[in-house]
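Overview (structure and organization)
What follows is the residue order along each chain.
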Amino acid sequence: MAIHERSLVEPERILRKERLVVEGIDVSGDWNLIILPRVINDYDLDFAKEIVNSPDGKTINQCYQCSYCTASCPVHNYWDERYNPRHFIYLARLGMIDELQKRADVMWRCVSCHKCTHRCPKGVLVEEVLKVILRTMAKKGLIEEYPSKKFDKFFTEQVLEYGRIEDGELLFGWIEKQGYKVVKDPILKKPIPFIGETPEWLKQLTLKPIKSMNIGFLMLNAKHMLFHPRTKNWNKFKQVLRKVMEEEGALAH
Amino acid sequence: MGVIGKRVAYYPGCSLEGASRAYDVSTRIVAKELGLELDYLEDYNCCGAMESKNVTFMGTMLLNARNMSLARKQGHDVIVAPCNGCSFSLQRAEYFLETDRNVFERVNALLREGGVDQLDKIPHTYHILEWFYHEAGPQKVKEKTKRPLRGLKVANYYGCLYTRPHFYARTYAHAGGQEEEVRPRKRDTADDDEHPYYMNALLEAAGATSVEFEPMHTQCCGGPHSLSDEQVSEKFVMMILQTAKRNGADIIATECPLCHASVEMYRHRLMMKGVPDVDVPAAYFTQLLGLAFGYSANDVKLKDNLSDPLPVLKRLGLA
């Protein structure tokens, strides 16, 4: 017998027998596959409330579990079938935190392509809701630091500081965070490309404009790396942004 | 035709002023040729892209509201963004500001506190592709084409956020869910939500041939995670490139700097690993249109593309 969404059942709870005799009747062939029952008694009923209270998470209660989101999700289909938006919404609404925690290693892999939101017949903003679930879990310390969150923070810090981002600094800064030794100049503290450790692919890729003597492109990006492009009249706005983010608890971690 | 307007506020976004200079330059060229006017949004800030919204909700609303306020100050009702991420972020802010009264009032109060004009009206955001299609259209492209892209087989890659989700991009006639009156309906200018065709139409009008590319034309490239989750992004880009190559494409036409960067970066890495059928170069659709309008490869900055489409275009006598 087929088990739909097999990824939701732990392997140790699936029992398969070659021969099975129940009360003297041989049922092997039809009923030789059994899922052992589980007992759950720790629902956190306040978890869903917190999600409903945020403006981008309030559509969670419209979900009627049709699984259209999961069926269209590329991460579910092409990467890991344990990534299952429908199931995450289900767990969050019941407040089954430990089950959510078990899936923490795939939950952050959402690529924000919004296929789920687009196709939902009930108008749930699925992607937003999932991100609110992750955000809430992170705020409560239920989930460890994961790469995409680190990157999101790193990105947001740059926006907060300058008003704009710069590709080179984002790239080299992130590489540094991954453990490569990036050499920085002593005065401006900006990373210097090609000196220090850089992944081989990046070296080759950045060599291309140099090889083709694309001077204008190189000058432009070098200028941006030295003098980070910034928004004028940013200081006052920055304080307001910082205040808002502090209220949301986004700066605390 | 004529819904969006010939003169609009142009929100380039950070990457178009740096690593994606080619897109900015070629966009301006195409707009000029098609008789459209871009009014550069002075002193804009980052839209928060796909990253900031995972950290803070109100902060992202504020970032986008500031840009909207700047557009209003310059006297525009319409913002046009060439990047999927930017247009998504602005449309997302538009959605929440329009449907949630509390968010709107809070944002306005915070804008005043931050020394920016309040929003008297929420400007609508369109992707630049929609704008080109609706204000100029394939007919105009055909008229302006001096050097048809004859023989060029293009895989038109739209990326994920161009038509999605329909709540923000308003690409879907049915509102979905309850409270239909608060959900924005499909707008007249919107592309088909599951089978977008605007880029196909424009490039075909310029003489190119589109190859079969569904369903990869709206498959995500893993862009938001292209640096932080390399395994997933690599797999997605591999699927996109192999589909394009196996359907006979010479080149992938992109319309988003993030997709473009992601495709170029992972194309290089996949080629280093020796994965077969991934050597399709990428170019912005505006670059290809610029070439068709008679501009040189240097004018549309084809050298900036790290995946190097020049040899392919030269072989076909287009550059």
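Only a predicted model underlies this, so the values are computations on that prediction, with no experimental measurement involved.

**Structural notes on the domain arrangement of chain B**
Residues and elements named next belong to chain B. The domain architecture assigned to chain B consists of domain 1 (7-127) and domain 2 (148-316). Spacing between the C-alpha centres of domain 1 and domain 2 amounts to 22 Å. Counting residues at the interface gives 30 residues for domain 1, matched by 34 residues for domain 2. At the junction of domain 1 and domain 2, the tally comes to eleven residue pairs in polar contact (both at pLDDT 80 or more). With ten residues, helix α1 (residues 21-33) is the single largest residue contributor to the side of domain 1 that touches domain 2. The class makeup of the residues in the side of domain 1 that touches domain 2 is 14 nonpolar, ten polar and six charged.

**Concerning the nonpolar core**
Among the nonpolar cores identified, the biggest contains 126 residues, and Leu100 and Ile133 of chain A together with Tyr11, Leu62, Val107 and Ile252 of chain B are the most heavily contacted of them. In terms of residues, this core owes the most to one element, helix α3 (residues 57-73) of chain B, which gives nine residues. Sequence-distant contacts of tyrosine 11 of chain B, defined by excluding residues within four places in its chain, comprise Leu41, Tyr44, Asn45, Cys46, Cys47, Asn67, Ile79, Val80, Ala81, Pro82, Cys86 and Leu90 of chain B. In terms of nonpolar packing, the next biggest core, distinct from the first, is built from 52 residues, Ile4, Ile29, Leu202 and Phe293 of chain B among them.

**A closer look at the sheet that holds strand β8 (residues 282-284) of chain B**
All names here are of chain B. Strand order across the open sheet formed by four strands is β6-β5-β7-β8, with parallel pairing between neighbours. A single partner strand is all that each edge strand has here, and the edge strands are β6 (209-210) and β8. Pairing of strand β5 (residues 153-157) with strand β7 (residues 251-254), which is carried by four bridges, proceeds in the parallel orientation. Paired with valine 154 across the two strands is isoleucine 251, which belongs to β7. Along the sheet, helix α9 (residues 198-205) makes contact with β5, β6 and β7, crossing β5 at roughly 155°. Along the sheet, helix α11 (residues 257-273) contacts β5, β7 and β8; its crossing angle with β8, the most-contacted strand, is approximately 165°.

Parameters and conventions
- Residues numbered from 1 in each chain as written.
- Chains lettered and ligands numbered in written order.
- Predicted model: local features only at pLDDT ≥ 70, side-chain atom pairs only at ≥ 80, totals over all residues.
- Heavy atoms only, no water.
- Domains from an automatic or database assignment.
- Contact = heavy atoms within 4.5 Å.
- Polar contact = N/O pair within 3.5 Å; in protein donor to acceptor, adjacent residues only side chain to side chain.
- Helix = DSSP H or I, 4+ residues; strand = E, 2+ residues; numbered from the N terminus.
- Nonpolar A, V, L, I, M, F, W, Y, C, P; charged D, E, K, R; others polar.
- Core = buried A, V, L, I, M, F, W, Y, C linked by side-chain atoms within 4.5 Å.
- Buried < 20%, exposed > 50% of the residue type's maximum accessible area, 1.4 Å probe, protein only.
- Pairing = 2+ DSSP bridges.
- Axes fitted to C-alpha atoms, helices over the stretch in contact; angles between N-to-C directions.

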